[in-house]
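The primary structure of each chain is shown beneath.
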Amino acid sequence: MQPRYFARVYFIILFIISIAETRVFNFMTLNLFLAYIPFELCLLLKLFKPKKLCEWLLFIIFGVVFLLLVPNTFYMITDLIHLNQFQFNFLAELNLTEWVYFTYLMLGIFLAMYLMILIFIELAHFTSHL
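This is a predicted model, so every value here is computed, not measured. (Residues numbered from 1 in each chain as written. Predicted model: local features only at pLDDT ≥ 70, side-chain atom pairs only at ≥ 80, totals over all residues. Heavy atoms only, no water.)

Taken as a whole and assessed by the stated rule, the structure comprises nine aromatic pairs. With 6.2 Å between their ring centres and 45° between their planes, Phe15 and Phe33 make a pair best called tilted. Residue Phe15 is located in helix α1 (residues 3–20), and its partner Phe33 is located in helix α2 (residues 28–44); the two are separated by 18 residues in the primary sequence. By relative accessible area, Phe15 is classed as partly exposed at 21%. Judged by its relative accessible area of 40%, Phe33 is partly exposed. (Phe/Tyr/Trp six-rings, centres within 6.5 Å; stacked < 30°, edge-to-face > 60°. Helix = DSSP H or I, 4+ residues; strand = E, 2+ residues; numbered from the N terminus. Buried < 20%, exposed > 50% of the residue type's maximum accessible area, 1.4 Å probe, protein only.)

Laid out in structure tokens, this is it:
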């Protein structure tokens, strides 16, 4: 399975879970979507490679939109600040729901890091063929 298909399946699974679960992390749906958009735009970047002089305007507009959306993928890592709402007190009790929410949050952050790595690889491939 190619990495982009793995990323798409991973995103769809987390997105469905985030739509179904809105009690604790209601921000995750929007964050996942905003982190995923630059990845798809990066894959479309090859289609907007200018070959003629008149195509440069479209390429510049697409590039600016892409550059404006890329920081959203980095922003997912800041979701770690939401871990402070959990106790994780092993001596008192083991609260499995906290661990489920922790795992869900970490899966979202891992998706963002994976998408950023794929974006960097795709951009390196794109710029090497200019």
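Our focus in this paragraph is the UniProt feature "transmembrane region" (unreviewed entry) in the chain. Those residues carrying the UniProt feature "transmembrane region" (unreviewed entry) are residues 5–21, 57–77 and 99–121 in this numbering. Between the end C-alpha atoms of residues 5–21 there is a gap of 24 Å, over a span that is 94% helix and 0% strand. Secondary structure content for residues 99–121 is 100% helix and 0% strand, and the end C-alpha separation is 32 Å. (UniProt positions renumbered as here; feature names shortened; annotations may be inferred.)

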